[in-house]
Amino acid sequence: MSDVEDFLGVAVVGPSERERNLLQRSPKYRSWLSLIKKRFRDLTTVNVGSIVKFGESVGMFTVTGTNLVGVNSAAFVRGNSVAALLILVDTSGEMWFVFCEQTRFPVGLRMDRLTNGLIEVPAGMIDGSGEIKGKMIEEIKKEADVDITGADMFCLNPDGPIFLSPGGSDEGLTCYLVVKEGVDPRKLDEIREKTHGVASENEFIRLHLAKMDRHDSNEFFRRGIVPHGIMGLGMRDAKFHVCMNLFVQMVATTWIYDGRSFVMEFRKMVALGKDYE
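The structure reproduced in this document is the subject of the present report. (Residues numbered from 1 in each chain as written. Predicted model: local features only at pLDDT ≥ 70, side-chain atom pairs only at ≥ 80, totals over all residues. Heavy atoms only, no water.)

### Details of unusual backbone geometry
Most peptide bonds adopt trans geometry, and most residues besides glycine take a negative phi value.
Right, so step 1: Phi at leucine 8 is positive, roughly 55°, even though this residue is not glycine.
Right, so step 2: Positioned with a positive phi, aspartate 145 is a non-glycine residue whose angle comes to about 55°.
Right, so step 3: Turning to its location among the elements, aspartate 145 is positioned in the loop between helix H3 (132-144) and strand S9 (153-155).
Right, so step 4: For aspartate 145, a relative accessible area of 17% corresponds to the buried category. (Helix = DSSP H or I, 4+ residues; strand = E, 2+ residues; numbered from the N terminus. Buried < 20%, exposed > 50% of the residue type's maximum accessible area, 1.4 Å probe, protein only.)

### Brief notes about helix H1 (residues 17-25)
Right, so step 1: Those residues of H1 that fall on the buried side of the exposure criterion are Arg20, Asn21, Leu23 and Gln24. Mapping the buried residues of H1 onto a view down its axis gives an arc of 165°, with all of them on the same face. Exposed and facing more than 90 degrees away from the buried side of H1 are Arg18 and Arg25.
Right, so step 2: On its buried side, H1 packs onto strand S1 (11-13), helix H2 (27-39), strand S2 (45-54) and strand S3 (57-65). (Arc of directions from axis to C-beta. Contact = heavy atoms within 4.5 Å.)

### Some details on the environment of tryptophan 32
Right, so step 1: When you line up the elements, tryptophan 32 lands in helix H2.
Right, so step 2: Residue classification places tryptophan 32 among the buried positions, given a relative accessible area of 10%.
Right, so step 3: Linking tryptophan 32 and valine 77, residues 45 residues apart in sequence, is a C-alpha distance of 7.7 Å.
Right, so step 4: Tryptophan 32 has contacts with Phe61, Val63, Val77 and Asp170, leaving out every residue within four places of it along the chain.

### Side note on the environment of methionine 136
Right, so step 1: One can find methionine 136 in helix H3.
Right, so step 2: Separated by 22 residues in the primary sequence, methionine 136 and leucine 114 place their C-alpha atoms 31 Å from one another.
Right, so step 3: Sequence-distant contacts of methionine 136, that is, excluding residues within four places in its chain, are made with Val82, Ala83, Ala84, Pro122, Ala123, Met153 and Tyr176.

### Thoughts on the packing of H1 against H2
Right, so step 1: At a minimum axis separation of 5 Å, H1 and H2 run at an interaxial angle of 65°. Facing H1, whose interface residues are Leu23, Gln24 and Arg25, H2 presents Pro27, Tyr29 and Arg30.
Right, so step 2: Tallied by class, residues from the contact of H1 with H2 come to 3 nonpolar, 1 polar and 2 charged. (Axes fitted to C-alpha atoms, helices over the stretch in contact; angles between N-to-C directions. Nonpolar A, V, L, I, M, F, W, Y, C, P; charged D, E, K, R; others polar.)

### Points about the nonpolar core
Right, so step 1: Core analysis: the largest hydrophobic core is formed by 36 residues, its most contacted members being Leu177, Phe247, Met250 and Phe262.
Right, so step 2: Among the secondary structure elements, those contributing two or more residues to this core are strand S5 (81-90), strand S6 (95-102), strand S11 (172-183), strand S13 (205-212), helix H5 (214-223), helix H7 (238-252) and helix H8 (259-272).
Right, so step 3: Ranked by residue count, the leading element in this core is H7, at 8 residues.
Right, so step 4: By size, the runner-up hydrophobic cluster in this structure holds 23 residues, among which are Cys100, Met136, Val146 and Val183. (Core = buried A, V, L, I, M, F, W, Y, C linked by side-chain atoms within 4.5 Å.)

In structure tokens:
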């Protein structure tokens, strides 16, 4: 018998008593179940298959709603995520897109001296606090060693998260455009040469920079054509495609026509607090 009361009246079966107590107290489980119960009020029991912990907290878990009829109720619950198109503008006005390469075990990609990992945009999972913007700031510092503030960020989907695989997972993605101006070229060299990430979390990241030169900038901002060098790096990352598509839509509905007008327009939009709609 669990010593924690069933949250929202939903019984948890499957894991050990210790894991059941941990799950019932978990902000991630409570947030997910609160969402589910809004539309599935008849849910009374969930069967939890496995729980993966990040430190002492619940990181992700598999679950099935056992008493629902006519509903495919199996889910992999990992919570929402954030991702960013991170653009560094150096002191000469050149624009650089930042990508992170790292090992991704679930898809069989390992980054070492002989093989490549997956190249992605900076991203991370939102923790139990649900704080989105702060999490993106934290991830960019951790993964790219770049200090940003809310004044450098612009949400591309303010109306709600974009679901990446809703047939099996609850993950919803919030995308940001992040622009850091006045970057010293020596910082760019440092970014290229260092390995980033948090070793205690088994996170080892190699950064890639893709330059958008004047010709690429004109083609992108006037015609929506993403440069091959940028598209090639992000090709296998779904988060990149979502963020870039939203960015292209934003450009198409503004007066942005080149890199300089982009930076000026970005400043105005952030100052006005107007996320893209």
